[in-house]
Structures are given as C-alpha cells and as structure tokens.
Amino acid sequence: MRGRDLHHPQAVSRREGNRLHLDGEVTIQTTARVLSDAAAQVRDGVEVIDFSAVSEVDSAAVALALALVREARGLGRSIEFANLPPALANLASLYAVADFIPVAGR
C-alpha cells in the first residue's frame, strides 16, 4: 500500500487560475472536506475541476461533482470537469447522471 494511511485517506486541492486540481482520493472518507474546499473555490471563481491527480474515486465523487454543478448554477455560472477517472465516468453512467456532469472539451 506504499505507506498510505488507511485510517485517514488524503485528498488535497491546488488552484491555478480558474482551475482547481484535486489530488489523492475522492471517496466517502474525503468527500466532505473536498466539497467544502471545492465549493468555496467555485464561489471564488473556479470554473474547472481537474481530476488528473486523483488516485481513487467511489460513488461519493459523483455526488461531489453534482453538488459542485449545483453550487455553480446557484451562482449563475457554469463549471466543467477535466480528466475524469474512468471509474467516475462509469459510475455517473450507471446512475444515469453523466449528462449532468459537464466534461471540459466535450
């Protein structure tokens, strides 16, 4: 497990301009923290959430994406997601919500 702390999985974010880069796990264990930070960033002008450095997702990542879309729309803005992990895209399709998660470049 390469020294990963199984009791306290980590997810962090880093902002570059209007893009928020998520890093680490976006799972039920981390989503509350990720959502709090990402929603604040959306309110501060982030337009793209980038999953390129995300190592693991579960169904909570789908809920996170939908919550951030709702946050942006509530502000009268749009948001896109970049580099979605295949597992997240598959879960969104399985739950029939993929059309509600705008993907950058699509």
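The sections below set out a description of the structure shown in this document. (Residues numbered from 1 in each chain as written. Predicted model: local features only at pLDDT ≥ 70, side-chain atom pairs only at ≥ 80, totals over all residues. Heavy atoms only, no water.)

1. Observations regarding the overall build of the protein
Assigned secondary structure in the protein consists of 3 helices and 4 strands. Counting from the amino terminus, helix and strand elements in the protein follow one another as β-β-α-β-α-β-α. For 106 residues, the compact-globule estimate of 2.2 N^0.38 gives 13 Å, and the C-alpha radius of gyration of the protein, at 13 Å, lies within 12% of that figure. Structurally, the protein occupies a C-alpha span of about 40 × 30 × 20 Å along its principal axes. The buried share among the 106 residues of the protein stands at 40%. At a minimum sequence separation of 6, the contacts of the protein that also span at least 24 residues come to 70%. (Helix = DSSP H or I, 4+ residues; strand = E, 2+ residues; numbered from the N terminus. Rg over C-alpha atoms; globule rule 2.2 N^0.38 Å. Buried < 20%, exposed > 50% of the residue type's maximum accessible area, 1.4 Å probe, protein only. Contact = heavy atoms within 4.5 Å.)

2. Considerations on the side chain of His21
Residue position: His21 is located in strand β2 (residues 19-26). The class for His21 is buried, based on a relative accessible area of 12%. One polar contact links His21 to Glu16, side chain to side chain, over a distance of 3.4 Å. Among all residues touching His21, those that are not within four sequence positions of it are Val12, Ser13, Arg14, Glu16 and Asp50. (Polar contact = N/O pair within 3.5 Å; in protein donor to acceptor, adjacent residues only side chain to side chain.)

3. Section: the nonpolar core
Judged by nonpolar contacts, the single largest core of 27 residues is most densely connected at Leu22, Val26, Ile49, Phe51, Leu68, Ile79 and Phe81. Within the residue set of this core, elements represented by two or more residues are β2, α1 (31-43), β3 (48-57), α2 (59-74) and α3 (86-94). For this core, the element with the highest residue contribution is α2, accounting for 7 residues. For Ile49, the contacting residues outside a window of four places in its chain are Leu20, Leu22, Val42, Leu68, Ile79, Glu80, Phe81 and Ala82. (Core = buried A, V, L, I, M, F, W, Y, C linked by side-chain atoms within 4.5 Å.)

4. What to know about the pattern of salt bridges
Scanning the model with the defined rule gives 4 salt bridges in all. Where Arg14 meets Glu16, a salt bridge forms, and the shortest distance between an N and an O atom there is 2.4 Å. Relative accessible area serves as the criterion here: at 44%, Arg14 is assigned to the partly exposed category. The partner of Asp44 in a salt bridge is Arg15, and the shortest N-O contact between them spans 2.9 Å. Here the residue Asp44 occupies a position in the loop between α1 and β3, and Arg15 occupies one in strand β1 (residues 11-16), the gap between them amounting to 29 residues. The class of Asp44 is exposed, set by a relative accessible area of 54%. Judged by its relative accessible area of 31%, Arg15 falls in the partly exposed class. (Salt bridge = Lys/Arg side-chain N within 4 Å of Asp/Glu carboxyl O.)

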